[in-house]
There are 2 protein chains.
Amino acid sequence: MKRHVILFLALILTAFCAQAEDGSKLWLRYQTASNATIKFSGKKSPTTDIAINELSAQWRGAPISLALSTNKEIKALGNDGFRITGGESGVTIASSSDKGLLYGAFHLLRLQECGALGATIDITESPAYRLRILNHWDNLDRSVERGYAGKSLWEWEKLPAEISPRYREYARANASIGINGSVLNNVNASPTILTPEYLQKAKAIADIFRAWGIRVYLSVNFSSPKIIGGLETSDPLDKNVQLWWKQKAAEIYKLIPDFGGFLVKANSEGQPGPHDFGRTHADGANMLADALAPHGGIVMWRAFVYNPLSDDRARQAYEEFMPLDGKFRNNVIIQVKNGPVDFQPREPFTPLFGAMQRTPVMPELQITQEYLGFSNHLVFLAPLFEEFLKTDTYARGQGSTVAAVTDGSLMGHSISAIAGVANTGSDSNWCGHHFAQSNWYAFGRLAWNHKLSSAHIADEWIRQTFGDDNLLLKNLSDMMMRSREAAVDYMMPLCLHHIFSTNHHYGPEPWFWNPNMRRDWQPPYYHKADSAGVGFNRTSTGSNAVAQYFSPLRETYANLATCPENLLLWFHHLPWDYKMKNGRTLWDELCYRYARGVDETRDFQKIWDRMEHKVDADRFAAVRHKLQIQARDAIWWRDACLLYFQTFSAMPIPFELERPVYDLPRLMKQPRSTEAYILEGNYLIK
Amino acid sequence: MKRHVILFLALILTAFCAQAEDGSKLWLRYQTASNATIKFSGKKSPTTDIAINELSAQWRGAPISLALSTNKEIKALGNDGFRITGGESGVTIASSSDKGLLYGAFHLLRLQECGALGATIDITESPAYRLRILNHWDNLDRSVERGYAGKSLWEWEKLPAEISPRYREYARANASIGINGSVLNNVNASPTILTPEYLQKAKAIADIFRAWGIRVYLSVNFSSPKIIGGLETSDPLDKNVQLWWKQKAAEIYKLIPDFGGFLVKANSEGQPGPHDFGRTHADGANMLADALAPHGGIVMWRAFVYNPLSDDRARQAYEEFMPLDGKFRNNVIIQVKNGPVDFQPREPFTPLFGAMQRTPVMPELQITQEYLGFSNHLVFLAPLFEEFLKTDTYARGQGSTVAAVTDGSLMGHSISAIAGVANTGSDSNWCGHHFAQSNWYAFGRLAWNHKLSSAHIADEWIRQTFGDDNLLLKNLSDMMMRSREAAVDYMMPLCLHHIFSTNHHYGPEPWFWNPNMRRDWQPPYYHKADSAGVGFNRTSTGSNAVAQYFSPLRETYANLATCPENLLLWFHHLPWDYKMKNGRTLWDELCYRYARGVDETRDFQKIWDRMEHKVDADRFAAVRHKLQIQARDAIWWRDACLLYFQTFSAMPIPFELERPVYDLPRLMKQPRSTEAYILEGNYLIK
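Residues numbered from 1 in each chain as written. Chains lettered and ligands numbered in written order. Predicted model: local features only at pLDDT ≥ 70, side-chain atom pairs only at ≥ 80, totals over all residues. Heavy atoms only, no water.

### Structural notes on the sheet that holds strand β1 (residues 38-40) of chain A
By way of backbone hydrogen bonds, the strands of a sheet pair with one another, either parallel or antiparallel.
Residues and elements named next belong to chain A.
Stage number 1. The strand order across the open sheet built from five strands is β1-β2-β4-β3-β5, with neighbouring strands paired in mixed fashion. Where the open sheet ends on each side, the last strands, each with one partner, are β1 and β5 (121-125). Across this sheet, the average inter-strand angle for adjacent strands is 15°, counted without regard to direction.
Stage number 2. Pairing of strand β3 (residues 82-86) with strand β4 (residues 91-95) involves four bridges; the strand directions are antiparallel. In the strand pairing of β4, R83 is matched with A94.
Stage number 3. Its contacts with the sheet place helix α2 (residues 46-58) against β1, β2 (64-68) and β4, and it is angled at close to 165° to β1. (Pairing = 2+ DSSP bridges. Helix = DSSP H or I, 4+ residues; strand = E, 2+ residues; numbered from the N terminus. Axes fitted to C-alpha atoms, helices over the stretch in contact; angles between N-to-C directions. Contact = heavy atoms within 4.5 Å.)

Structural data, given as structure tokens:
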């Protein structure tokens, strides 16, 4: 009887544990094991301890030896690289550093979780980028700019005394995907971050991260010398200012010996910078670089600059930074968004990639879905990242992919880095949407190995996050792989861009025009719709931004016969009856794309509902709820954009397509606050 | 130059007149003609004057002779009947009364407008029902109960001094379709209507209507003797009460010599009545009948009664009135709603039709769309009316259709009548929705000739209201003919009934349950959904309401093998996995029906948009706007009902069907005021 009771209780407990999944474990849902044999005879460190613990707790295979190696081939893999060899009698993980052993351990465990281990193992891995960094746009009041997953992870008010268990979990999650850097605070930086009080808080975090191979960086406000230093000026050529920064750097490194460096947004969107003093970006960056150089720190100087008076925002980063190429210190790297405007559903790559050759350039990707549905829409971004990295810039002939020109292989720089604007917050599932975790994961995996395909990344992530049922894998992967293009279609097809709501960025507002506001913050500047057509002419008869690309790319984009249709309205202003390759008019094609986007969201709902019994109840319900929001929002986008553009095209929506279910006057009355949309999506048109 | 200017202005004017259509002309958009020769040599009356004017202004054919005839065959057609004969050299309209000439004139003009006149004409028409009456649920404060087309047509505050031109237009519209009676005020009657002040107002209206063949009736409050008469009681057996009514009748007929009579709602939903004094319906009706009899008036006594304690509301009208069959005076007719509950998208006919044989029974149909989308949804009701009238009651064997048992042909009563609850109001297009006019029209045409098909009526109405373009006719007719079944499907398929919002009746609220409210006013009483199934068992194992029908109908309904599936859940409570004839489970079939309803509304949008260039701009835009509302509402109904019923069925919505885009908690938070819905429909889920 007692045995039965125990068995019954065990069953209940198992069932309970198996069922309640809140997403907090991310992709690290390993079953614990208890019989792994892990040997290590090298110099122990907190990092090697972690590696051993991870393997001990989860490895279910042959005995493992960890080896710190001085072998030339192993050293050639760099500090983070590793080699794993072995078979059924034993496995060896070798690296020239303890970090490499940690990455190797996680890699091996990942392969185990994905059922990807064969009888013999012979794996060599070396990360594509030396610095693989998350940027947190977290403010000191714990709000997160463009964050949709709760509050900032960093409990500033409790640090340094209280250490949230989440710091360790965060570090572990990042280590498991090879991320080795974290900028803690918003690029719209508060100077307060550099005060002694806050540096102590940053130190407390850095002390947790260190063993996981993660270095802390900080965003700095260029006016810090004046605002917190009390100096007269923040002019980078001012000796006192230079001294202030030197001293500040020394102060930082005393607290955080492996501090990574500074991330700087200057003279952009109202942020202070060297231009305020008649100095150049190089002047500003080099001053900071000199302050950090003795300590091994770097400066990531953002190229996200644009002047409200320019007639093409997309030209400006290039125009402003190309003259400065080669003028930066060795420890400065220019951080550039993937596209020339701002993280739109699709953009061509920023021409600085490949063009800037003497100073290293690093991509800034956006993981948080500022323009892709917040944490309401399921949009797998690996295809966006992959598309970007694999685009050929032709900077040095064919094969000069964005990846090649930034990972150090083509340009030969010593620093190679890649940054992702994080989508994390205090939500129990970290990212708001259970599937948004896949984008954090994908960023990490591509930062490590940009040759991975999106499909492979999706497969890894699904197996580790949900399970390996064949139908589940097939269906979830299908949905994820289609989701980026679906979002493009229901939001901004054919490379329409920046037609979102000026205020909250969540929904459509292509009509918004406030003559008192910067033109380049408003949709008509970008879509230029009128009775003659739509789109931005960036060819030689327009802004000629196309000339910033290398041949043959520039010709390919400029020529309508060769311009990829998914970039059409980025480079061309075309009449509504322009003939697409499939014979449809441009207007009709826009209608079909929006319709397709809506249909895709409905299909995702069907796919997900079919998987109900293969997914735990809590996550199933949460995702279903959000897919409903996405389906409603897709209709909102479709109707708002088509009805607005129709006032110019004066052409009917093809009659075989669903008609709008809203009218324009009502659509134009939408509320403008972000909060409403974050919580509920658009319950349609409040 | 001057000629050109004049021509130009004429063109502009024509274009303007041709384009601006606000629906105020209803189906009477005749082009004026000016060369008709109309002869009449009989006894002139205001009615014959009207007939001559109508023909003079619009007839474009051969010279017409109007003839009041004492011919036996013509007299046999009754006062309203007529005969039209002739050909290209001349046409004769003959009737035994001036009203018949008027109806003949309108009929001829209708045929002309519809292009239905051949070289020779030989038409004989005699109305199916002697009394063809509109019921206006208009209140004296000009609100209209269950009205969605503005305020009451009757400007009580301005009468009798100011006569709105609309009274004449109303009368003309009704005369054109043969309606000859109008109950001016709400069945939830204010006693004030019988005060001298208001009788003067009613007289003013009656004086306008008379020439158009329309008699005025009034709804009376049974407590009038007490409330306005100051009597101690309103007991129908009280001599003073009887006297009061006699005097009141005399007073009325002095003002309105052709007053039609009283419409009475008594002991129903809180209205006073004979039961309050321990008297029967017959006692009450007969008292009023005796008061009216000397003047030729009638009493239309409503059978819409139901007791909150009964376990089946659908049984009660029959239970209460059958024992009284034959106990009413000759000038009493029992007015019965088409279905036993209350104007649902589909109901079987009320068994009183056919069962009550000694006292005449008249159908009450609802033209206003209280349960069918207000003035937002396009629902052509002719199919509902036709289905009802053509259903065989088997009261006297096969062929005892509802039409036959009410039009006097089978039961031999002298009074035959049919009433429609009007959908008119002060809106410029009279009915709120341009297409709702077709239901007023259809009621009139079926009251005149219940053998007409819905398709024929639709064709007539479209030709007169929109035009005779072939594609227009085909498409609009298609949409109208599908619309009733579409509404059934997206609201209450398979004869679900009474699952609308308890408060405003506009949208779905199948979950509503307030233990302090009458059970029979709330959805669960009707759908009885639980884990075992759904539907109301009205067979012998349930309420046995089915036994109120004649054989073989009762067996047909009771037997699952023969019960029409579109009446299934009216008569049966079935398990969710009950096998439909097509093999699907009941649950799946419900899902498919709701999906089909939604698809239909989208199809109507497509149909209408294709017709844009065949319809004037104003009416096109107005209808398009409402079709958008209907499409949104259909989704609301689908999601609310399926998600709610799913909590009982515990079965998935078939995966090939679109998933819900709302979740139940949100759906259950809908606002409860009517006004919001009237104006905008559901902008989805405020």
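### Regarding the relation of the copies chain A and chain B
The relation between the two chain copies is a rotation about an axis coupled with a shift along that axis.
Stage number 1. Note on the identical chains: chain A maps onto chain B by a rotation of 180° and an axial translation of 0.0 Å, with an RMSD of 0.0 Å. Both chain copies can therefore be described as sitting about a two-fold axis.
Stage number 2. By residue overlap, the copies meet face to face through one surface: 100% of the interface positions of chain A are interface positions in chain B. (Least-squares fit on C-alpha atoms with pLDDT ≥ 70 in both.)

### Re the nonpolar core
Stage number 1. In terms of nonpolar packing, the biggest core is built from 225 residues, with W301, W440 and F645 of chain B touching the most fellow members.
Stage number 2. Not counting residues within four places of it along the chain, the set of residues in contact with F645 of chain B comprises L496, I499, P510, H527, A529, V534, W576, W587 and Y594 of chain B.
Stage number 3. With 224 residues, the next largest nonpolar core counts A291, F353, W608 and W636 of chain A among its residues. (Core = buried A, V, L, I, M, F, W, Y, C linked by side-chain atoms within 4.5 Å. Buried < 20%, exposed > 50% of the residue type's maximum accessible area, 1.4 Å probe, protein only.)

### A short note on the interface of chain A and chain B
Stage number 1. Every contact between the two is made by 23 residues of chain A and, on the other side, 23 residues of chain B.
Stage number 2. Between chain A and chain B the total buried area reaches about 2,400 Å² when both faces are included, carbon and sulfur atoms providing 49% of it.
Stage number 3. Note that R659 of chain B and D609 of chain A form a salt bridge whose closest N and O atoms lie 2.7 Å from each other.
Stage number 4. Our count for the chain A to chain B interface comes out at 14 residue pairs in polar contact (both at pLDDT 80 or more).
Stage number 5. Per-element accounting of the side of chain A that touches chain B gives the leading share, five residues, to helix α20 (residues 586-610) of chain A. (Buried area = accessible area lost by both parts, 1.4 Å probe. Salt bridge = Lys/Arg side-chain N within 4 Å of Asp/Glu carboxyl O. Polar contact = N/O pair within 3.5 Å; in protein donor to acceptor, adjacent residues only side chain to side chain.)

### Details of the pairing of strand β8 (residues 215-220) of chain B
Residue and element names in this part refer to chain B.
Stage number 1. The buried fraction of β8 amounts to five of the six residues, a majority that puts the element mostly inside the structure.
Stage number 2. Note: strand β7 (residues 181-183) against β8, three bridges, orientation parallel. Across the sheet, S182 pairs through a bridge with V216, a residue of β8.

### Side note on helix α6 (residues 196-209) of chain A
Residue and element names in this part refer to chain A.
Stage number 1. With 14 residues, α6 extends 20 Å from end C-alpha to end C-alpha; this agrees with the ideal 20 Å at 1.5 Å per step.
Stage number 2. Three or more residues of α6 are buried, namely Y198, L199, K201, A202, A204, I205, A206 and F209.
Stage number 3. Contacts from the buried residues of α6 go to α5 (165-176), β7 (181-183), β8 (215-219) and α8 (239-255). (Expected span 1.5 Å × (residues − 1).)

### Overview of the sheet that holds β8 of chain B
Residues and elements named next belong to chain B.
Stage number 1. Taken together, eight strands build a closed barrel; the order of strands is β6-β7-β8-β9-β10-β11-β12-β13 and the barrel is parallel. Neighbour to neighbour, the strand axes of the sheet diverge by 25° on average, direction disregarded.
Stage number 2. Alignment of strand β11 (residues 332-337) against strand β12 (residues 361-366), held across four bridges, turns out to be parallel. Residue pairing across strands places K337 opposite E364, the latter belonging to β12.

### What to know about the environment of I252 of chain B
Residues and elements named next belong to chain B.
Stage number 1. In this structure, I252 sits in helix α8 (residues 239-255).
Stage number 2. Put simply, I252 and W59 are 193 residues apart on the chain and 39 Å apart in space, counted from C-alpha to C-alpha.
Stage number 3. Look past the residues within four positions of I252 in its chain and what remains in contact with it is L194, L199, F259 and F262.

### Comments concerning the packing of aromatic side chains
Residues and elements named next belong to chain A.
Stage number 1. With the rule as written, the count across this model stands at 80 aromatic pairs over all chains.
Stage number 2. Among the aromatic residues, those joined into a ring-pair cluster are W27, W154, Y167, Y170, F209, W430, W440 and Y441.
Stage number 3. The positively charged end of R538 is found above the aromatic ring belonging to F536, 3.8 Å away from the centroid. (Phe/Tyr/Trp six-rings, centres within 6.5 Å; stacked < 30°, edge-to-face > 60°. Lys NZ or Arg CZ within 6 Å of the ring centre and 35° of its normal.)

### Observations regarding the environment of I457 of chain A
Residues and elements named next belong to chain A.
Stage number 1. Along the chain, the position of I457 falls in helix α15 (residues 454-465).
Stage number 2. A relative accessible area of 0% means that I457 is categorised as buried.
Stage number 3. Here the alpha-carbon distance between I457 and P225, two residues 232 residues apart in the chain, equals 44 Å.
Stage number 4. The contact partners of I457, leaving out residues within four places of it in the chain, are F380, Y441, A442, R445, L446 and L452.

### Some remarks on the confidence of the model for chain A
In regions of low pLDDT, the predicted coordinates are not meant to be interpreted in detail.
Residues and elements named next belong to chain A.
Stage number 1. When pLDDT is averaged across chain A, the result is 94; 95% of the residues are at 70 or more.
Stage number 2. For residues 682-686, every residue scores under 50 in pLDDT, and the model assigns this stretch 30 contacts once sequence neighbours within four places are set aside.
Stage number 3. Note on the complex model: pTM 0.92, ipTM 0.88. (pLDDT = per-residue confidence, 0-100.)

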